[in-house]
Amino acid sequence: MYDRKLSDSIVTGLTGGLMGTKENLLTVVTSEAAKQESRAASADLVATAIAMRPELIERQAEVEENTFFSEAIHQKFLGSGLYDMFVPKLYGGLEVDVPTFAKVTVELARGCMSTAWCFSLSANHALQVASFFPKAVQDEVFARHDFRAASTSAPTVTATKVSGGYVLNGVVGYCSGIPYSTYYLGQAMVPAEDGGAPQMGMFVAPREQFERLDDWGDTLGLKGTGSHSIRFTDGFIPESYLIENFNMLDMPVEGGTVGSRLHGNGMYSGRGLVLFTLSIAAAVIGGGYNALDEFENQMRTKKTSLPPIISRLEDPDYQRYYGSAYTKIATAEAALMNVAQQHMDLSAANASGERPYTFLDDFKLAGIARELILQVWETVERDLFRHVGSSAAKNGERFERLFRDLAQAAGHRNPLLREPSYRTLTQFELGLVPTNQH
């Protein structure tokens, strides 16, 4: 994955090298009135997510049992426009910034972590489709005003080229958000027509071309994230629905993209690894706040177990436990919002031609977001779980469910990249020849 050519491109980016011509550079002028309008819209979306919190808390057990959130919640997401946050305005979407999306996800997860995970990992991929696919494809997939797409970077599907398009076959696991997805965004191996090595491509496929398997809900936690597998059996997509020689973990964006030029918004020229990791981190941080809220409920209703027997709310030790967790989770949220804004700034600079958004930029920001996932889990385990009491850990209790959800998130595929990513980041930062050895 990491070769000398890639390393050279990163060095070029860090020293200010630019790719593309003047004609490709994007200039965006935003009036103060437009900025104020955008801030107001963002505040309304966050307020909508907060207002849903009581119902999401009430439905936590139901979501876990059913393996994804209810039709009633789905309709509220539709009616509020939350699904359309990254859909371009050209197609009737809201086109809000990444910090707003992250904050909405945090607030939803403060009501139900599984619901927020399922929601965000289907709503967030409108950003990538709007960034990389040609206008003709966007005209079709966004035309219904009903776009959501689960996605997995694993290339377990084969795309065989035929007249007019590609035939898809294969099974993809862990498609979080697939129950309400109208499309799937994924990776496929495209056999070479000359018999050579297959190439990886990125494709988008409508729901009619795959089936959702009933294989989710048996994990320790995150049972309600709708992370089912899907199966393609001779599914067909038009030729323009697949971009050949394209790796979702290393998206080429230097000099701007189809989307940044089409929509006049630098946000559509960003890389993808940090967005995926950031979406997970937002759900985890919201889950951390969710656990903290339940810890507060326990403080208000329970007494200490050792003399002097007093309300936990008045106990200095419990006050310290709560304050420690609150500070650490709030720090994680602050870092998350900073990562989201850095992503926006890098995307804008890339689209304008100021500097390219490099693989290293993406890799570093994703690494920060990954740290937040693990730090929030460690905070809840250490500062809250060890002191909340055994009654809160009974099957079906709110805190017990959140503890399992956060533990499952800590063992997710993305956090497992933590240790090897440290080495890779060091190699790039210090100018060493990158390797894929751990």
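Structural data are supplied above this passage.
Cut-off values and rules
- Residues numbered from 1 in each chain as written.
- Predicted model: local features only at pLDDT ≥ 70, side-chain atom pairs only at ≥ 80, totals over all residues.
- Heavy atoms only, no water.
- Helix = DSSP H or I, 4+ residues; strand = E, 2+ residues; numbered from the N terminus.
- Buried < 20%, exposed > 50% of the residue type's maximum accessible area, 1.4 Å probe, protein only.
- Contact = heavy atoms within 4.5 Å.
- Phe/Tyr/Trp six-rings, centres within 6.5 Å; stacked < 30°, edge-to-face > 60°.
- Lys NZ or Arg CZ within 6 Å of the ring centre and 35° of its normal.
- Core = buried A, V, L, I, M, F, W, Y, C linked by side-chain atoms within 4.5 Å.
- Axes fitted to C-alpha atoms, helices over the stretch in contact; angles between N-to-C directions.
- Parallel < 35°, antiparallel > 145°, perpendicular 65-115°, else oblique.
- Left-handed = near helix turned anticlockwise from the far one by under 90°.
- Nonpolar A, V, L, I, M, F, W, Y, C, P; charged D, E, K, R; others polar.
- Arc of directions from axis to C-beta.
- Pairing = 2+ DSSP bridges.
- Polar contact = N/O pair within 3.5 Å; in protein donor to acceptor, adjacent residues only side chain to side chain.
- Expected span 1.5 Å × (residues − 1).

A. Structural detail: unusual backbone geometry. Of note, the bond from P307 into P308 is cis; its omega dihedral lies within 30 degrees of zero at -5°. As for its placement among the helices and strands, P308 is situated in the loop between α11 (273-301) and α12 (316-352). The phi dihedral of D234 falls on the positive side, at around 55°, and the residue is not glycine. Among the secondary structure elements, D234 is positioned in strand β6 (residues 230-238). On the basis of relative accessibility, which here comes to 54%, the residue D234 falls in the exposed class.

B. Focus on the environment of S120. Of note, S120 is situated in helix α7 (residues 113-123). The exposure class of S120 is buried, given its relative accessible area of 0%. Measuring from C-alpha to C-alpha, the distance between S120 and F101 comes to 8.3 Å, with 19 residues separating the pair along the chain. For S120, the contacting residues outside a window of four places in its chain are F101, T105 and S279.

C. Quick peek at the packing of aromatic side chains. Across all of its chains, the model carries 26 aromatic pairs by this definition. Here Y184 and F210 contribute two aromatic rings whose centre-to-centre distance is 6.4 Å and whose plane-to-plane angle is 70°, an arrangement assigned as edge-to-face. In this pair, Y184 is assigned in strand β3 (residues 183-190) and F210 in the loop between β4 (199-206) and β5 (211-212), connecting sequence segments 26 residues apart. One aromatic cluster in this structure is built from F68, F69, F77, Y83, F86, F101, F119 and Y180. Lying across the ring of Y83, R148 places its NZ or CZ 4.6 Å from the centre.

D. Looking closely at the nonpolar core. Of all hydrophobic cores here, the largest spans 124 residues; its most connected members are F119, Y184 and F203. Sort the elements by how many residues they give to this core and α11 lands first, with 15 residues. Those residues within four positions of F203 in sequence are excluded, and the remaining contacts are F133, V157, L168, Y184, L185, G186, Q187, A188, F232, I237, Y241 and L242.

E. Spatial organisation of the packing of α7 against helix α14 (residues 398-410). One way to put it is that α7 packs onto α14 with a least axis distance of 10 Å and a crossing angle of 40°. Accordingly, the angle class assigned to the pair α7 and α14 is oblique. Contact residues: M113, S114 and W117 in α7; L402, D405, L406 and A409 in α14.

F. View of the packing of α12 against helix α13 (residues 359-388). The N-to-C vectors of α12 and α13 enclose an angle of 165°; their axes lie 10 Å apart at closest approach. One finds that α12 runs roughly antiparallel with respect to α13. For the element pair α12 and α13, the recorded crossing hand is left-handed. Classifying every residue of the contact of α12 with α13 gives 14 nonpolar, five polar and four charged.

G. Examining helix α5 (residues 71-80) more closely. Those residues of α5 not exposed but buried are I73, H74 and F77. Each buried residue of α5 lies within a common arc of 105° when the element is viewed along its axis, so the set occupies one face. On its buried face, α5 sits against α3 (53-58), α6 (98-109) and α7.

H. A look at the pairing of β6. Strand direction decides the pairing type here: strand β2 (residues 165-172) and β6, joined by seven bridges, are antiparallel. When the sheet's bridge partners are listed, G165 is paired in β6 with P238. Bridging between β5 and β6 involves two bridges; their strand directions are antiparallel. Note on β6: the bridge partner recorded for R212 is I230.

I. Representation of the sheet that holds strand β7 (residues 242-244). Strands sit in the order β5-β6-β2-β1-β3-β4-β7 across an open sheet of seven strands; the sheet is mixed. Strands at the two margins of the open sheet, each flanked by one partner only, are β5 and β7.

J. Structural context of the environment of S181. Within the secondary structure, S181 is located in the loop between β2 and β3. Look at S181 and you get buried, because its relative accessible area is 0%. A C-alpha to C-alpha distance of 7.3 Å links S181 and F147, two positions 34 residues apart in sequence. Leave out the neighbours within four places in its chain, and S181 touches S122, R148, A149, A150 and R207.

K. Layout of the side chain of S279. Relative to the helices and strands, S279 is located in helix α11. At a separation of 3.0 Å, a polar atom in the side chain of S279 contacts the side chain of N124. Residues in contact with S279, not counting those within four places in the same chain, are F101, T105, S120, L121 and N124.

L. α11, seen in detail. Its 29 residues give α11 an end-to-end C-alpha distance of 43 Å, which sits within 8% of 42 Å, the value for a rise of 1.5 Å per residue. Summarising burial for α11: 24 of the 29 residues are buried, a large majority.

All quantities given are derived from atomic positions and should not be read as evidence of function.
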